[in-house]
Amino acid sequence: MHTGPQFPTTPQQSPGHGGRGTALLIGGIAFAVVFLLVVGVTVGYLVLRPGGGGPVAGSPPVTESTTVTDPEPSDGTEVTSPTPTDVEAERCWTPERERSSTNASGKLRGGGLQYIPPAVYQQRATPYGVAYTNDLQGAQALVEASWYSTTFVGKVEWQPGIEYPGAEVASQTIVDCFFSSNIWGDTQGRTLDDTITEPVTIAGIPGYRTTATVNFASDPLEKTDATELVIVVLETDQGPSVFGTETAVGVTEHEEAAVEAYESLTGIS
């Protein structure tokens, strides 16, 4: 009986599970791994080698100069360093005298103030010894010989480069400078006593008044042995201005006239 073709009893490998195809696949994978390793090593070398490639992340940017310069303003203006102030304050500084105000009818003017000179104060002159003031106008009354009582008005002018200290300090300083000035003739043993500084408001204008008495231990005068100083500094619309009296103590007519002059003081509108 015919049974058909007989197959080998030894099994054969299927072409799809080994042989040449498997070898080719393994070879391709190996090549790819080697290629990636070569490329990776090359790129790492280029990136990390000294001086090669671009900057490493996190490192400071490369600049062409390490010189530090001040930034220039965007509008093109020049940058200048502040100049230190080298002005030295002078004790009892006095400006070059000039007259800028014009007296009104029956009144004397200076700075931002005006007053009515008492009838007994008939002489007109710029007072001496009044530091830190300008535009002065004064009226004087004779006491005896060459000794006078004085009333005056003017503007306060501080030394350039030195900050104006305000009305309170200004009134005190002017009194101190008045006392130390060279106007007291042959009097000796002078002392500045009973100094008082207090705020005042005159004709609606705020400021400070300093009063003091200059006493003489000895002097050639017969009618007085002391002088009362009154310095008022007011902050007027025209700037700080001063009113002052220098009155022979014991000369009643002058003392009453000084009070009248003070009471007539007003600002200039």
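Residues numbered from 1 in each chain as written. Predicted model: local features only at pLDDT ≥ 70, side-chain atom pairs only at ≥ 80, totals over all residues. Heavy atoms only, no water.

### So, the state of the cysteines
Taken as a whole and assessed by the stated rule, the structure comprises one disulfide. Across the disulfide from Cys92 sits Cys177; the S-S distance is 2.1 Å. Judged by the sign of its S-S torsion, about -95°, the cystine formed by Cys92 and Cys177 is left-handed. Placement of the pair is Cys92 in the loop between helix H1 (19-48) and strand S1 (108-110) and Cys177 in helix H2 (residues 167-180), with a sequence separation of 85 residues. Exposure remark for Cys92: the relative accessible area of 18% places this residue in the buried category. (Disulfide = S-S within 2.5 Å. Helix = DSSP H or I, 4+ residues; strand = E, 2+ residues; numbered from the N terminus. Buried < 20%, exposed > 50% of the residue type's maximum accessible area, 1.4 Å probe, protein only.)

### Here's the deal with the sheet that holds S1
If you walk across this open sheet you meet the three strands as S1-S2-S10, and the pairing is antiparallel. The open sheet terminates on both sides in strands that have one partner only, identified here as S1 and strand S10 (266-267). (Pairing = 2+ DSSP bridges.)

### What about the packing of aromatic side chains?
Going through the model one piece at a time under the given rule, you end up with 10 aromatic pairs. Ring plane angle 75° and centroid distance 5.8 Å describe the contact between Trp158 and Tyr164, whose orientation is recorded as edge-to-face. Aromatic rings pair up to connect Trp147, Phe152, Phe178, Trp184 and Phe216 into one cluster. (Phe/Tyr/Trp six-rings, centres within 6.5 Å; stacked < 30°, edge-to-face > 60°.)

### Points about the sheet that holds strand S5 (residues 147-156)
Here we have seven strands laid out as an open sheet, ordered S3-S4-S5-S9-S8-S7-S6, and antiparallel in their pairing. The sheet terminates laterally at strand S3 (123-125) and strand S6 (191-202), the two strands that pair on one side only. Shown here is a sheet whose adjacent strand axes are inclined to one another by a mean of 15°, direction ignored. With nine bridges connecting them, strand S7 (residues 205-215) and strand S8 (residues 226-236) associate as antiparallel partners. (Axes fitted to C-alpha atoms, helices over the stretch in contact; angles between N-to-C directions.)

### A few points about the confidence of the model for the chain
Where the model shows low pLDDT, its predicted coordinates should not be examined in detail. Mean pLDDT over the chain works out to 80, with 68% of the residues at or above the 70 mark. With pLDDT under 50 throughout, residues 1-26 is counted as low confidence; its partners more than four residues away or in other chains account for one contact. Between residues 79-84, whose pLDDT stays under 50, and residues either more than four places distant or in other chains, the model counts three contacts. (pLDDT = per-residue confidence, 0-100. Contact = heavy atoms within 4.5 Å.)

### Structural notes on the environment of Ser264
Assignment of secondary structure puts Ser264 in the loop between helix H3 (252-263) and S10. Here Ser264 falls in the buried class, since its relative accessible area comes to 18%. In the structure, Ser264 is positioned 61 residues away from Ala203 in sequence and 9.5 Å away in space, judged by C-alpha atoms. Ignoring any residue separated from it by four or fewer positions in sequence, one finds Ser264 in contact with Gln114, Tyr115 and Ile116.

### As for the layout of surface pockets
When its volume is computed, the largest pocket comes out at roughly 370 Å³. Lining the largest pocket we find 18 residues, and of these Ser146, Trp147, Tyr148, Ile183 and Glu246 sit closest to its centre. The dominant element in the lining of the largest pocket, judged by the number of residues it contributes, is S5, at four residues. Class assignment of the residues belonging to the lining of the largest pocket gives a composition of 11 nonpolar, five polar and two charged. Roughly 150 Å³ of internal volume is contained in the second largest pocket. Considering the residues around the second largest pocket, the lining is formed by Arg209, Thr211, Glu228, Val230, Thr245, Glu255, Ala258, Val259 and Tyr262. Within the residue set of the lining of the second largest pocket, elements represented by two or more residues are S7, S8 and H3. For the lining of the second largest pocket, the element with the most residues is H3, which contributes four residues. The class makeup of the residues in the lining of the second largest pocket is four nonpolar, two polar and three charged. (1 Å grid on protein atoms, 1.4 Å probe; cavity = no way out; pocket = protein on both sides within 12 Å on 5 of 7 lines; lining within 4 Å. Points joined across faces, edges and corners; volume = space filled by probe spheres on them. Nonpolar A, V, L, I, M, F, W, Y, C, P; charged D, E, K, R; others polar.)

### With respect to H3
Each full turn of the α-helix corresponds to 3.6 residues, which orients residues three or four apart in the same direction. Between its terminal C-alpha atoms H3 stretches 17 Å, which fits the 16 Å expected from 12 residues at 1.5 Å a residue. All buried positions along H3 are accounted for by His254, Ala257, Ala258 and Ala261. With its buried residues spanning 105° around the axis, H3 presents them on a single face. Facing away from the buried side of H3 by more than 90 degrees, the exposed set consists of Glu256 and Glu263. As for H3, its buried residues are in contact with strand S2 (113-115), strand S4 (133-144), S5 and strand S9 (239-248). (Expected span 1.5 Å × (residues − 1). Arc of directions from axis to C-beta.)

### What about the side chain of Ser181?
For Ser181, the location among the structural elements is in the loop between H2 and S6. On the accessibility criterion, Ser181 (16% relative accessible area) is buried. There is a polar contact of 2.7 Å between the side chain of Ser181 and the backbone oxygen of Phe178. (Polar contact = N/O pair within 3.5 Å; in protein donor to acceptor, adjacent residues only side chain to side chain.)

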